[in-house]
Amino acid sequence: MSASILLPVLLLVASITAFGLAGYGFGRLGAHGVRGWDRPVVLRSLAALSGAAAAAVYTWGLLCVALTVLDAEDGGAGSAPVRP
């Protein structure tokens, strides 16, 4: 697969994963309430939230790489004249 097809797909999947894990983590904490927090609930929620943070950082880095690749390949609408 070429990078022009693979990068947007990876961006979409990583961002959906980040929002999904964040929703799961906060949803588990909210479903049990403050008094219902026992150790497994807190650990699962923290694991989901840390996974969401990791996916968000990965998505941010992938977006930076995608924009760099787009600039390096000199693609886009304003690429007709060669830049000095």
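Below, the structure is looked at part by part.

Rules used throughout
- Residues numbered from 1 in each chain as written.
- Predicted model: local features only at pLDDT ≥ 70, side-chain atom pairs only at ≥ 80, totals over all residues.
- Heavy atoms only, no water.
- Helix = DSSP H or I, 4+ residues; strand = E, 2+ residues; numbered from the N terminus.
- Buried < 20%, exposed > 50% of the residue type's maximum accessible area, 1.4 Å probe, protein only.
- Contact = heavy atoms within 4.5 Å.
- Areas by Shrake-Rupley, 256 points an atom, 1.4 Å probe, with all protein chains shown as cover.
- Patch = residues over 30% accessible without salt bridge, like charges linked within 9 Å, V, L, I, M, F, W, Y side chains within 5 Å.
- Salt bridge = Lys/Arg side-chain N within 4 Å of Asp/Glu carboxyl O.

**Re the overall build of the protein**
No. 1: Tallying secondary structure elements over the protein gives two helices and zero strands in all.
No. 2: Counting only residues that meet the buried cut, the protein has 18% of its 84 residues in that class.
No. 3: Restricting to contacts in the protein with at least 6 residues of sequence separation, those with at least 24 account for 68%.
No. 4: As presented, the protein carries roughly 6,200 Å² of accessible surface, and 72% of it is formed by carbon and sulfur atoms.

**With respect to a nonpolar patch on the surface**
No. 1: The grouping of Trp60, Leu63, Leu67 and Leu70 at the surface amounts to a nonpolar patch, some 430 Å² of accessible area in total.
No. 2: When you line up the elements, Leu67 lands in helix H2 (residues 39-72).

**Considering the side chain of Ser45**
No. 1: Residue placement: Ser45 occurs in helix H2.
No. 2: Residue classification places Ser45 among the buried positions, given a relative accessible area of 0%.
No. 3: What Ser45 contacts, discounting residues up to four positions off in sequence, is Gly25, Arg28 and Leu29.

**Points about the side chain of Thr59**
No. 1: As for its position among the elements, Thr59 is in helix H2.
No. 2: Given a relative accessible area of 14%, Thr59 falls into the buried group.
No. 3: Beyond its immediate stretch of four places on either side in the chain, Thr59 contacts Leu11, Ala14 and Ser15.

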